[in-house]
Amino acid sequence: MAVEIDIDHVARLARIELTDREKEQLRRQLGVILEHAARVGEVAAEDVPPTAYAIPRSNVYRDDEPEPSLPQAEALANAPEQEGGRFKVVRVVETER
Amino acid sequence: MTSADLCDLTGSELAALIASGEVGASEVVESSLRRIEAVDGDVRAFLTPTPEVALERAQELDAHRTTGAPQHPIAGIPVALKDVLSTMGIRTTCGSKILEHYVPPYDCTAWARLSGHGSVLVGKTNCDEFAMGSSNENSAFGPVRNPWDLERVPGGSSGGSAAAVAAGEAAWALGTDTGGSVRQPASLCGVVGLKPTYGLISRYGLIAFASSLDTVGTLTRSVRDAALLLGAIAGKDPRDATSLDADVPDYLSSLEDGIRGLRVGVIAEAFGEGVEPGVRDAVRSSIDRLAALGADVGEASLPHAGHTLSAYYLIAPSEASSNLARYDGVRYGYRAEGGADSVEMMARTRGEGFGAEVKRRVMLGTYALSAGYYEAYYGQAQKVRTLIIRDYERAFERFDVLVSPTSPTTAFRIGEKVDDPMAMYLNDIFTIPANLAGVPAISVPCGLDDDGLPVGFQLTAPVLREDVLLRAANALERDLGLVLRPGLLAGV
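**Student:** How should the sheet that holds strand 11 (residues 454-460) of chain B be read in this particular structure?
**Tutor:** Within a sheet, each strand pairs with its neighbour through backbone hydrogen bonds, oriented either parallel or antiparallel. Residues and elements named next belong to chain B. One open sheet accounts for 11 strands, arranged 1-3-2-4-6-5-10-11-9-7-8; its pairing is mixed. Looking along the sheet, the strands with just one partner apiece sit at the ends: strand 1 (46-49) and strand 8 (296-300). Strand-to-strand, the axes of this sheet are offset by a mean angle of 30 degrees, without reference to chain direction. Running over the sheet, helix 12 (residues 375-398) touches strand 7 (263-267), strand 8 and strand 9 (401-405) and is turned about 140 degrees from strand 7.

Structural data, given as structure tokens:
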């Protein structure tokens, strides 16, 4: 059975604004895809450990030596808006009225 | 030899001509650039051709060579790079509107190594947006077209790289393979596509899709070229914590050792329904050839093969939803106008900047990772992944390489599967398992179907056994001796 999902909730979590048409299409398509994906549940795997990386590595450190890093101007070069050496965004905090 | 057809030679052939002084890098590069000029209006493999940079670099190399200084064998050979690989100062779009004007401030390691060896970049190739797709139709800049039939897809997501190599626009190319994105387009375009062991090639500067699966791979016109190119870029990189600390052998030294005595396992699950008869016949007859060459052929099984697609379509979108959170309209990329606060600005930016498939996968991954669903979906998929790895381990106790079709179909028509995501996803059913298990795999052309479209033959080897993989693939390629020239090139 196709899976029912709350598209508005997921879109809010994903920070994606969708048109009504997109929502309708995604509700249908994701339902079908998840129905297929849910088949992973058919596999008996209670005592099987999960794998995050096929070839596991742990505690990979580099030598703690200072290296040149990206100059400020280059780091800012692709920003949609910048001011005074900083990324400029619309207001994040609410102000008291 | 006229320089007009230099671009149809393999990288290894060009390397020999350059080394002997018979031709210069400039002639080779000019030949590639002329081919791009002649055919790319039809093929549309390139998003950003780089002819000026290429010519300048080739002239430098030629000048350098007159000093008698030694050069790497790949010096002067024209390469194309999939547009998810960061190139300093050269726009890198990921096939997405959200990065349409993004110019990376640094090079990815794979390109830095090639460039250091004197490789010449002729351009950045089109791909499915953020490498999500199997047909190239998910590019924000329009689809690439298959040189074998311009009405058909080149496969994806590295479709531009595969088409460019098939059409002689570059001697070879780099792509990336997360679920088959090098091997499947190689199969559909009639070229060789190698996905090495996860971590053998650094992913530094590869713009992330699904980090536990993403692998840089090569697209070439021969197995020997794949061996040469892999050797030039493989190996530990301190900038990628997942890169392996493994020795990189000389893949060329064992390339001609043949297949006699190698144990070849035919994956039983890969010949079921959904495989086109033309694909099945070409692959079966190639298996017979391997047996005739002295390979010890038997039947292998990956019992959890039936669940790999399900596991993949939970793991990859989950990782993508996290990786693509960085496109927030703040530090780089597109920003939508008019958001009243930061959350609205972000949501609008992503709504306008991402295409349909990327939205689909980010939504899918966000759902699979959300509270209450994580264990049933992502958690369970990771357990299935363990079982798939064990399937391979068991199969490799009995066999040196495993073989199957690369893709169940040959190149399909543009538009044929765009409205049916599940049908599209099924195209990667034979390529995905190797990504989940991290093992190396290669697609080699093994014939044409009744429509004259190329069929790909996939070989898979254990972790870090690229030497065996390439050796077996080379034996098949030599024995088949196919001359593959897309119809498009008849008039060139």
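Still to come is the rest of the account.
**Student:** Teacher, can you tell me more about helix 3 (residues 51-66) of chain B here?
**Tutor:** The periodicity of an α-helix, 3.6 residues per turn, causes residues three or four places apart in sequence to face the same way. Residues and elements named next belong to chain B. The terminal C-alpha atoms of helix 3 lie 23 Å apart, and with 16 residues this matches the ideal 22 Å at 1.5 Å per residue to within 8%. For helix 3, the secondary structure elements touched by its buried residues are helix 2 (25-43), strand 2 (78-82) and strand 3 (120-125). Once helix 3 ends, the next one or two residues include Gly-68, with phi positive near 85 degrees.

**Student:** Hey, could you run me through the nonpolar core in this one?
**Tutor:** Inside soluble globular proteins, nonpolar side chains tend to come together where they are buried. Formed by 175 residues in total, the largest nonpolar core has its most connected members in Val-79, Val-122, Ala-173, Leu-314, Met-363 and Val-401 of chain B. Broken down by element, this core gets its largest block of residues, nine residues, from helix 12 of chain B. Residues lining this core come from more than one domain, with at least three contributed by each of domain 1 (3-265 + 399-491) and domain 2 (307-380) of chain B. For Leu-314 of chain B, the residues in contact, after removing those within four places along its chain, are Ala-37 and Val-40 of chain A together with Ala-368, Tyr-377, Tyr-378 and Ala-381 of chain B.

**Student:** What exactly am I supposed to notice about the packing of helix 1 (residues 7-14) of chain A against helix 11 (residues 356-369) of chain B here?
**Tutor:** Between two packed helices, the angle of one axis relative to the other and the distance separating the axes together describe the packing. Where helix 1 of chain A meets helix 11 of chain B, the axes come as close as 9 Å, and the angle between the chain directions of the two elements is 100 degrees. Taken together, the axis directions place helix 1 of chain A and helix 11 of chain B in an arrangement best described as roughly perpendicular. Together, Val-10, Ala-11, Leu-13 and Ala-14 of chain A of helix 1 of chain A and Val-362, Met-363, Thr-366 and Tyr-367 of chain B of helix 11 of chain B make up the contact between the two elements. Broken down by class, the residue content of the contact of helix 1 of chain A with helix 11 of chain B amounts to seven nonpolar, one polar and no charged.

The rules behind these values
- Residues numbered from 1 in each chain as written.
- Chains lettered and ligands numbered in written order.
- Predicted model: local features only at pLDDT ≥ 70, side-chain atom pairs only at ≥ 80, totals over all residues.
- Pairing = 2+ DSSP bridges.
- Helix = DSSP H or I, 4+ residues; strand = E, 2+ residues; numbered from the N terminus.
- Axes fitted to C-alpha atoms, helices over the stretch in contact; angles between N-to-C directions.
- Contact = placed C-beta atoms within 7 Å.
- Expected span 1.5 Å × (residues − 1).
- Core = buried A, V, L, I, M, F, W, Y, C linked by C-beta atoms within 7 Å.
- Buried ≥ 20, exposed ≤ 12 C-beta atoms within 10 Å, placed from the backbone.
- Domains from an automatic or database assignment.
- Parallel < 35°, antiparallel > 145°, perpendicular 65-115°, else oblique.
- Nonpolar A, V, L, I, M, F, W, Y, C, P; charged D, E, K, R; others polar.

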